[in-house]
Amino acid sequence: MTLETRRKVVATVVAVLAIWPACHFAVVRAYDLNPWNWFGWAMYTLPAQRVEAFAYSPDGKPVSPASMSRDAYQRIQIAYHRWSRRMIEVDWRGPPLEFAREILSAYPSWPEVKIRAHRIGMDRESATMMIQATETYRLSREDVGLESSSSQVGS
Amino acid sequence: MDRATGWLSLADPTPGSQWRSNLEWFRLFLFLHMGARSLLSWMATVHGNALDAFHLVAVAVAVLGFVPGFAQRAVRAAFVIVAGQLLTRVALQLDTANHVFLEAAFLGFFALCSADEEDEARLLLQAMRFTVAIFFFYTGLQKVLYGYYFRAEFLTYMAVTSDFFATVFQWMIPQEDLARLQAFNGPSPSPGRYSPAIGAGPYRVDSPLFVLTANLVYVFEMGAGLLLLHARARSFVALAAIAFVFAIEAGARELTFGILMVNLLLLFMDGAWVRKLFPVCALAYLYLLLGENGGLGWLPMFRYAPA
């Protein structure tokens, strides 16, 4: 490769590096990505968002650590952590399949689980922590690749 | 040189300066940085997937980079590996640290232009200086676009919800404001961090000095980004930016990022500072590898955010 070609390649790469952060602002907003990442140099611009999720049985019974083994609860926590990270980073609306699967594995009698997730962040106008988006999921055992619950078999 | 690429000469080296030495030592620093960061990442989280392999191969290539005569070949391999680390993280939907992207970009420049050839080395320096200037400018501009610095909302939030940032900023914030906002704090999985309740705030405080400081952050970053490309100002601005990085690290404690940024800014200095400070950086990484909180745990460690 000649020096002149190298110069053109370098100039193009530097130009892309200069243009991308300007696009980053729009892309992050359009796709609900985490502005701290994706090379837009927007880290430390706003408080990091977090997810709070609540999981219930179809009749409104909440997931409770007291009603399951410690191992099962840990698996639920790990699945929740992975999903909430993924929601913040790349895919706010992605269904929590692994999280729901671990919950339904811990509660074999539940035919489905209802999960409500809030994304919490700082509102710019009021400078207060607010719910910025809410998603609700109803996932059946079939949805997450589990066999039907014992209570549903034969019904 | 044509018009399309002529603008790169804005970042030309000062005649008679030690820029060749800085570039050659920066290449060694990149191997050191990549190796230590990859080893720390591997020690902190074994994923049981392709990332583990990428981390371990990165360490091997980093060692190879120090063997005389192998640096240029090793730098090409290093670029492929770090790009692979980034792509794997994207594929696995894991977060992608910005400093790893910077690392990949610089390894890419080194792979494209040899630091051992005068003309290519000059082009390499231009590319790296421009990238650092772009980085600084946008870190400031993004703060303006998001709008959480005008009344110090973001820094207030950090000072209230992070022990590290509290150490840096709490003396500027009235005690009653601090107590009011800290009352909203709940537990967080991260040590030294707190999760405020829904409805917490407003994260605004009655301190003109603090608000001024918050506004000076983006003014400095954008100004530094522009002035780093000004031949007469760049050494002084680089020095000020290094002091700024130290101030950030007092709160952020992202040490691998801090060490990388300081070395990048040393590329704007006339003296052979990358070589002179290389042993200090090597000791710092060794300490991180041997220390608690991410390393082998043999040495006591102040709290920091691992790579």
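Residues numbered from 1 in each chain as written. Chains lettered and ligands numbered in written order. Predicted model: local features only at pLDDT ≥ 70, side-chain atom pairs only at ≥ 80, totals over all residues. Heavy atoms only, no water.

To continue, consider the overall build of chain A. Summing up its helical and strand segments, chain A has 3 helices and 3 strands in all. Scanning chain A from its N terminus toward the C terminus, one meets helices and strands in the order α-β-α-α-β-β. For 155 residues, the compact-globule estimate of 2.2 N^0.38 gives 15 Å, and the C-alpha radius of gyration of chain A, at 22 Å, exceeds that figure by more than 25%. In terms of overall dimensions, chain A has C-alpha extents of about 75 × 45 × 30 Å along its principal axes. Each of the 155 residues in chain A was classed as buried or not, and the buried ones make up 45%. Sequence separation of at least 24 residues holds for 58% of the intrachain contacts in chain A that already meet a minimum separation of 6. Roughly 7,900 Å² of accessible area belongs to chain A as shown, and the carbon and sulfur atoms make up 55% of that amount. Counting 19 positive and 16 negative side-chain charges, chain A places the centres of these two groups 6 Å from one another. (Helix = DSSP H or I, 4+ residues; strand = E, 2+ residues; numbered from the N terminus. Rg over C-alpha atoms; globule rule 2.2 N^0.38 Å. Buried < 20%, exposed > 50% of the residue type's maximum accessible area, 1.4 Å probe, protein only. Contact = heavy atoms within 4.5 Å. Areas by Shrake-Rupley, 256 points an atom, 1.4 Å probe, with all protein chains shown as cover. Lys, Arg positive; Asp, Glu negative; His and termini not counted. Charge placed at Lys NZ, Arg CZ, Asp CG, Glu CD.)

All names here are of chain B. A surface patch of nonpolar side chains, about 540 Å² in accessible area, is lined by Trp171, Leu209, Leu212, Leu216 and Val219. Within the secondary structure layout, Leu216 lies in helix α10 (residues 208-227). Overall, the relative accessible area of 47% leaves Leu216 in the partly exposed class. (Patch = residues over 30% accessible without salt bridge, like charges linked within 9 Å, V, L, I, M, F, W, Y side chains within 5 Å. Salt bridge = Lys/Arg side-chain N within 4 Å of Asp/Glu carboxyl O.)

The subject of this paragraph is the confidence of the model for chain B. All names here are of chain B. Here chain B averages 89 in pLDDT, and 97% of its residues register 70 or above. The lowest-confidence element of chain B is helix α1 (residues 3-6), averaging 76 in pLDDT; the highest-confidence one is α10, averaging 96. Quick note on the complex model: pTM equals 0.87, ipTM equals 0.88. (pLDDT = per-residue confidence, 0-100.)

This brings us to the interface of chain A and chain B. Across the contact, 48 residues belong to chain A and 54 residues belong to chain B. With both sides pooled, the region where chain A packs onto chain B buries about 4,800 Å², and carbon together with sulfur makes up 68% of that total. At the surface where chain A touches chain B, the tally comes to 1 salt bridge. A salt bridge links A:Arg6 to B:Glu120, with the shortest nitrogen-to-oxygen separation between them at 3.4 Å. Between chain A and chain B we count 18 residue pairs in polar contact (both at pLDDT 80 or more) in total. At the level of secondary structure, the elements contributing two or more residues to the side of chain A that touches chain B comprise α1 (3-31), β1 (50-56), α2 (70-89), β2 (112-122) and β3 (129-140) of chain A. The element contributing the most residues to the side of chain A that touches chain B is α1(A), with 17 residues. Tallied by class, the residues present in the side of chain A that touches chain B amount to 30 nonpolar, 6 polar and 12 charged. (Buried area = accessible area lost by both parts, 1.4 Å probe. Polar contact = N/O pair within 3.5 Å; in protein donor to acceptor, adjacent residues only side chain to side chain. Nonpolar A, V, L, I, M, F, W, Y, C, P; charged D, E, K, R; others polar.)

Across 11 bridges, the pairing between β2(A) and β3(A) is antiparallel. Across the sheet, residue A:Arg119 finds its bridge partner in β3(A), namely A:Ala133. (Pairing = 2+ DSSP bridges.)

Here we take up the packing of aromatic side chains. Residues and elements named next belong to chain B. Considering all chains together, one arrives at 31 aromatic pairs over all chains under this definition. Seen in terms of ring centroids, Phe31 and Phe66 are 6.4 Å apart; in terms of plane orientation they differ by 55 degrees. Their pairing is tilted. Of this pair, Phe31 sits in helix α2 (residues 19-44) while Phe66 is found in the loop between α3 (50-65) and α4 (71-91), placing the two residues 35 residues apart along the sequence. Taking the relative accessible area as the measure of exposure, Phe66 reaches 38% and is therefore partly exposed. For Arg20, the ring lying beneath its charged end belongs to Trp19, and the centroid distance is 5.7 Å. The ring of Phe70 carries the charged tip of Arg73 above its face, separated from the ring centre by 5.1 Å. (Phe/Tyr/Trp six-rings, centres within 6.5 Å; stacked < 30°, edge-to-face > 60°. Lys NZ or Arg CZ within 6 Å of the ring centre and 35° of its normal.)

All names here are of chain B. It is the contact of α2 with helix α6 (residues 118-146), at a shortest axis distance of 10 Å, that shows an interaxial angle of 75 degrees. It follows that α2 is roughly perpendicular to α6 by the angle criterion. Here Trp19, Arg20, Leu23 and Phe26 of α2 come into contact with α6, specifically with Glu118, Ala121, Arg122, Leu124, Leu125 and Met128. Split by residue class, the contact of α2 with α6 holds 7 nonpolar, no polar and 3 charged. (Axes fitted to C-alpha atoms, helices over the stretch in contact; angles between N-to-C directions. Parallel < 35°, antiparallel > 145°, perpendicular 65-115°, else oblique.)

Attention now moves to the sheet that holds β1(A). Residues and elements named next belong to chain A. Taken in spatial order, the 3 strands make up an open sheet running β1-β2-β3, and their pairing is antiparallel. Among the strands making up the open sheet, the edge pair consists of β1 and β3. On average, each strand axis in the sheet is inclined to that of its neighbour by 20 degrees, with strand direction left out of account.

Taken together, the buried positions of helix α3 (residues 97-106) of chain A are occupied by A:Phe99, A:Ala100, A:Glu102, A:Ile103, A:Leu104 and A:Ala106. Where α3(A) is buried, its residues meet β1, α2, β2 and β3 of chain A.

This part covers the pattern of salt bridges. It is possible for side chains of opposite charge to pair when their charged atoms get near one another. Counted under the stated rule, the structure contains 14 salt bridges over all chains. Put simply, A:Arg50 and A:Glu52 hold a salt bridge, and the shortest N to O gap is 2.9 Å. A relative accessible area of 17% means that A:Arg50 is categorised as buried. You can call A:Glu52 partly exposed: its relative accessible area is 25%. Where salt bridges share partners, they join B:Arg20, B:Glu118 and B:Arg122 into one cluster.

To continue, consider the side chain of B:Asn215. Residues and elements named next belong to chain B. One can find Asn215 in helix α10. By relative accessible area, Asn215 is classed as buried at 17%. In this structure, Asn215 is in contact with Tyr149 and Phe150, ignoring residues within four places of it in sequence.

Turning next to α3(B). All names here are of chain B. Here α3 spans 22 Å end to end across 16 residues, near enough to the 22 Å set by a 1.5 Å rise per residue. The set of residues buried in α3 consists of Leu51, Asp52, His55, Ala58, Val61, Ala62 and Gly65. In this fold, the buried residues of α3 make contact with α2 and α4. (Expected span 1.5 Å × (residues − 1).)

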